[in-house]
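Overview (structure and organization)
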Amino acid sequence: MQKIILAKTGNEAMALAMKQVNPDVVAAYPITPATEIVQIFSQYVADGEVKTEFVAVESEHSAMSACIGSCAAGARTMTGTSSQGLALMYEMIYIAAGLRLPIVMADVNRALSAPINIHCDHSDSMGCRDAGWVHIFSENAQEAYDSMIQAVRIAEHKDVRLPVMVTTDGFIISHGMERIDTLPDAEVQNFIGKYDPLMHLLDVKKPFTIGAINLTDYYFEHRRAMVDAQNNSLKVIKEVGAEFGKKFDTGYGLIEKYQLDDAEVAIVALGSTCGTAKVVIDQLRAKGVKAGLLKIRVFRPFPTEEIAKALENIKTVAVLDRSDSVGGFGGPVFTEIRSALYGSAKRPQIAGFVYGLGGREIDMEQIEGLFMDLKAGKVKADSVSYLGVRE
Amino acid sequence: MANLKELAARGDKFTGGHRACAGCGASIVARQALLAAGDKPVVVTCATGCLEVVSTIFPYTAWDVPFIHSAFENSAATISGVEAAYKSLHRQGTVKEDIRFLAFGGDGGTYDIGLQALSGAMERGHNMLYICYDNQAYMNTGIQRSSATPRGSSTTTSPNGKKIPGKIQFRKNLTEIMAAHGIPYVAQSVVGNWSDFTKKVEKALAKGGPAFIAVLQPCRLGWGYPPELTAELGRLAVETNFWPLYEVEDGRYKLNATPKERKPIGEWMFQQERFRHLKKPEHQSIIDDIQKDIDARWEQLNKKCSL
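Remember, predicted model here, so these are calculated numbers, not experimental data. (Residues numbered from 1 in each chain as written. Chains lettered and ligands numbered in written order. Predicted model: local features only at pLDDT ≥ 70, side-chain atom pairs only at ≥ 80, totals over all residues.)

1. Some remarks on the overall build of chain A
From N to C terminus, chain A includes 12 helices and 16 strands. Over its C-alpha atoms chain A spans a radius of gyration of 21 Å, differing by no more than 12% from the 21 Å that the globule rule assigns to 391 residues. Expressed as a percentage of the 391 residues in chain A, the buried residues total 54%. Looking at chain A alone, contacts between residues at least 24 apart form 80% of all its contacts between residues at least 6 apart. (Helix = DSSP H or I, 4+ residues; strand = E, 2+ residues; numbered from the N terminus. Rg over C-alpha atoms; globule rule 2.2 N^0.38 Å. Buried ≥ 20, exposed ≤ 12 C-beta atoms within 10 Å, placed from the backbone. Contact = placed C-beta atoms within 7 Å.)

Shown next, in the form of structure tokens:
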């Protein structure tokens, strides 16, 4: 199969993936820096390049509400948003997962107000981390494209049936032009297959009620079933990622280890920062510094065991969080990893670093400095620091 | 229009066994709307509120039609998603039936928190009928005032007190706001006039495009009256001109009922606990204000209807 090489920004890549998925319904609302996804997709609709019914809703709350209605009606449904838009959707984010609707959403990670800011950090999507969605981060436009396609399979898998959120980093990925390998439309269609819901609202001969009130006697069981679905998705995400790799050469897992197995010092990161870290690691390795990276691709479900295993032989690990849990002990990635490591007999020393809030740049020198501090034993274990902020 | 005999022969799609109060008007709205829909397949959504909680206590449901509830403020947005799915799948040939889409919301979910979603859905032109069962307060949460609550009404958040005699403000005229959207069909109906409501639901569903019906729905708990008076109080609201029955079809206003003699508003108000405090002589001016407002609104409406 011949891949088609294109120059695309992250937003263009995600919009293209959506076009090739060719969903039955897209309901969306514009917001910086995700607007382009909606805009480009609208053009596909206007040009008759997709079969999609596009609903240009009046708010993100209605976007997710319409997606919920659409998906429950048996339509393959997608949307995209960012930041305040995701925050406005928040109520419906929980409901989409609770109703077990396999909606696929592109979220372009952007800081939350206040102060208002349009640039990247992960606080928007991290705010939804307990909602029940599968939550996939992208290092670059290529991953965003590939994950959007895989997301459909993951969401609709009979053992999962949960919504999936694929994120990019606002402006860094969303607006950065990259060379990406894309697939022919037919290959995407073959890969995702047909959406075959267990039941749907338009099957009028088999009426059913979705969204019923659950009191003390049933609510807990339904929420517990959602936990099982999340756990099941660990296997499904790996299977889908492996199948994608088998067919299209680039496989995907829950995490990615980069120069990690023999590393003495390592960082853990999500999203675009991983790309920067890889370059730094190559340079440090050339100088004989055994530096490594653990990239977390899938934050929900959290790959606890894989992460604990991947880090067990490292001496010191710095966990980078591009969002904060204000008033908590470290950002969400740090607390999850620290918890994942607690049960390991062999575990590294670990420190948390909150960085890059509101799009504050993280450069190679900072990452290199961090590695050198780790190596020199200058990083205090079980501490949380703020990187790149004027204190 | 289907006659009473025909309606009675149709099986209920909103079935008994739900947990609504004795004398509940909301369940009458749901039952009559689905009876009016007849054999036409419908998909229904409902905003969080009385109607939803009494009819869908898991694992039971009173809805013998496909039904979705998602949240409070988004009944219109949710059904617009269902309708979009239908458009797409019908176009692709995977859904063959001719399906109609019905959304229910109380006044809280429609006049207040759901107004934006409703306005958006109407502007987008979805093929849907939105029915607001307007009982003039947040009854499900325990009788709090909404923008549909009439002046003078004592609710738990506009209580009659030593200084303030119930709600100060007049109600919002949502029906006119919906008419201003320029949609094909807008109407007011009432619990207690089954033929008016049935006719309007039939018309709205037959017309296609977005339609809105506000149904005044007496609530025995929130209004404070014996349950057997629900239909009677609905009719009295029409006879006092408090709640005129009219429709706006393709922009043209039409009155559906004109009382032979307009009854004074006190006849309606003083059968309800929520207005009881206004019986005191010192509050006569409030009653006068309310009467003046009703008469002025009636005059305006008549002008529109004579155009």
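After that view, the rundown keeps rolling.
2. Examining helix H12 (residues 364-375) of chain A
All names here are of chain A. Here H12 is 12 residues long and its end C-alpha atoms lie 16 Å apart, about the 16 Å a rise of 1.5 Å per residue gives. Restricting attention to buried positions, one finds in H12 the residues Ile 367, Leu 370, Phe 371 and Leu 374. End-on view of H12: buried residues confined to an arc of 95°, all on one side of the axis. The elements touched by buried residues of H12 are strand S11 (265-269), helix H9 (273-286), strand S12 (291-296) and strand S14 (316-321). Of the residues one or two after H12, Gly 377 is the one with positive phi, at around 70°. (Expected span 1.5 Å × (residues − 1). Arc of directions from axis to C-beta.)

3. Brief notes about helix H2 (residues 25-37) of chain B
Residue and element names in this part refer to chain B. Taking 1.5 Å as the rise per residue, H2 with 13 residues should run 18 Å; its terminal C-alpha atoms sit 18 Å apart, in good agreement. Counted residue by residue, H2 has 12 buried out of 13 residues, so it is predominantly covered. Directly beyond the C-terminal end of H2, a positive phi value near 65° is found at Gly 38.

4. Focus on the sheet that holds strand S5 (residues 104-109) of chain A
All names here are of chain A. With respect to topology, 7 strands assemble into an open sheet ordered S3-S2-S4-S5-S7-S6-S13, the strand pairing being mixed. Lying at the two open borders of the sheet, with one neighbouring strand each, are strand S3 (53-56) and strand S13 (298-300). Across the sheet, the mean angle separating the axes of adjacent strands is 20° when strand polarity is ignored. Here 4 bridges tie strand S2 (residues 25-28) to S3, and the two strands are oriented parallel to one another. From the neighbouring strand, Val 25 faces S3, where its bridge partner is Glu 53. Lying over the sheet, helix H6 (residues 141-156) contacts S5, strand S6 (134-137) and strand S7 (164-169), oriented at roughly 170° with respect to S7. (Pairing = 2+ DSSP bridges. Axes fitted to C-alpha atoms, helices over the stretch in contact; angles between N-to-C directions.)

5. Comments concerning the packing of helix H3 (residues 60-72) of chain A against helix H4 (residues 83-98) of chain A
Residue and element names in this part refer to chain A. Running from N to C, H3 and H4 point in directions that differ by 25°, and their axes come no closer than 7 Å. Viewed along their axes, H3 and H4 adopt a mutual orientation that is roughly parallel. Regarding H3 and H4, the two cross each other, and that crossing is right-handed. Where H3 approaches H4, its residues Glu 60, His 61, Ala 63, Met 64, Ser 65, Cys 67 and Ile 68 are matched on the opposing element by Gly 85, Leu 88, Met 89, Met 92, Ile 93, Ile 95 and Ala 96. For the contact of H3 with H4, a count of residues per class yields 10 nonpolar, 3 polar and 1 charged. (Parallel < 35°, antiparallel > 145°, perpendicular 65-115°, else oblique. Left-handed = near helix turned anticlockwise from the far one by under 90°. Nonpolar A, V, L, I, M, F, W, Y, C, P; charged D, E, K, R; others polar.)

6. What to know about the interface of chain A and chain B
If you look at the interface, chain A gives 38 residues, while chain B gives 38 residues. Breaking the side of chain A that touches chain B down by element, the ones donating at least two residues are S2, S3, H3, H4 and strand S9 (209-210) of chain A. When residues of the side of chain A that touches chain B are assigned to their parent elements, the largest contribution, 9 residues, is made by H3(A). Partitioning the side of chain A that touches chain B into residue classes produces 22 nonpolar, 11 polar and 5 charged. The pairing of S9(A) with strand S2 (residues 67-68) of chain B spans 2 bridges and is classified as parallel. By the bridge assignment for S2(B), Thr209(A) is matched with Phe67(B).

7. Overview of the environment of Ile131(B)
Residue and element names in this part refer to chain B. In this structure, Ile 131 sits in strand S4 (residues 129-134). Residues Ile 131 and Ser 70, 61 residues apart in the sequence, show an inter-C-alpha distance of 17 Å. The residues touching Ile 131, leaving out its near neighbours within four places in the chain, are Val 29, Ala 33, Leu 102, Phe 104, Ile 213 and Val 215.

8. Some details on the sheet that holds S14(A)
Residues and elements named next belong to chain A. Spatially, the 6 strands line up as an open sheet ordered S10-S12-S11-S14-S15-S16, and their pairing is mixed. Each edge of the sheet is formed by a strand with only one pairing partner; in this case those strands are strand S10 (255-258) and strand S16 (384-387). Strand-to-strand, the axes of this sheet are offset by a mean angle of 25°, without reference to chain direction. Pairing analysis gives 4 bridges linking strand S15 (residues 349-355) to S16, with the strands arranged parallel. Residue pairing in the sheet places Phe 353 in a bridge with Ser 385 of S16. Most of the contacts of H9 go to S12, to which it runs at about 165°, and overall it touches S10, S11, S12 and S14. Contacting S10, S12 and S14, helix H10 (residues 304-311) crosses the sheet at an angle of about 10° to S10.

9. Focus on unusual backbone geometry
Across the junction of Ser113(A) and Ala114(A), the peptide omega takes the value -5°, indicating a cis bond. Position of Ala114(A) relative to the elements: it lies in the loop between S5 and helix H5 (123-126). In this structure, Pro59(B) follows Phe58(B) across a cis peptide bond, with omega equal to 10°. The backbone of Ser83(A) sits at a positive phi, close to 45°, despite the residue not being glycine. Within the secondary structure, Ser83(A) is located in helix H4.

10. Quick look at the domain arrangement of chain A
Residue and element names in this part refer to chain A. The assigned domain composition of chain A is domain 1 (4-248) and domain 2 (255-387). Here the C-alpha centre of domain 2 lies 27 Å away from the C-alpha centre of domain 1. At the interface, 27 residues of domain 1 touch 20 residues of domain 2. Every element with two or more residues in the side of domain 1 that touches domain 2 is listed here: H5, S6 and helix H8 (219-248). Considering every element that reaches the side of domain 1 that touches domain 2, the biggest residue donor is H8, with 5 residues. (Domains from an automatic or database assignment.)

11. Details of the nonpolar core
Of all hydrophobic cores here, the largest spans 216 residues; its most connected members are Ala96(A), Met148(A), Val164(A), Ala266(A), Val268(A), Ile131(B) and Val215(B). The residue makeup of this core includes at least three contributed by each of domain 1 (4-248) and domain 2 (255-387) of chain A. Those residues in contact with Val164(A), other than ones at most four positions away along the chain, are Val104(A), Trp133(A), Val134(A), Ile136(A), Ala151(A), Ile154(A) and Ala155(A). (Core = buried A, V, L, I, M, F, W, Y, C linked by C-beta atoms within 7 Å.)

12. Looking at the environment of Glu306(A)
Residues and elements named next belong to chain A. By secondary structure assignment, the location of Glu 306 is in helix H10. For Glu 306, a count of 19 C-beta atoms within 10 Å puts it in the partly exposed group. In this view, Glu 306 contacts Leu 254 and Ile 255; residues no more than four positions away in its chain are not counted.

13. Some thoughts on the environment of Gly25(B)
Residues and elements named next belong to chain B. Secondary-structure assignment places Gly 25 in helix H2. Look at Gly 25 and you get buried, because 28 C-beta atoms sit within 10 Å. Placed 205 residues apart in sequence, Gly 25 and Thr 230 show a C-alpha to C-alpha distance of 6.5 Å. Excluding residues that lie within four positions of it along the chain, Gly 25 makes contacts with Asn 135, Val 191, Gln 217, Pro 218, Cys 219, Thr 230 and Gly 234.

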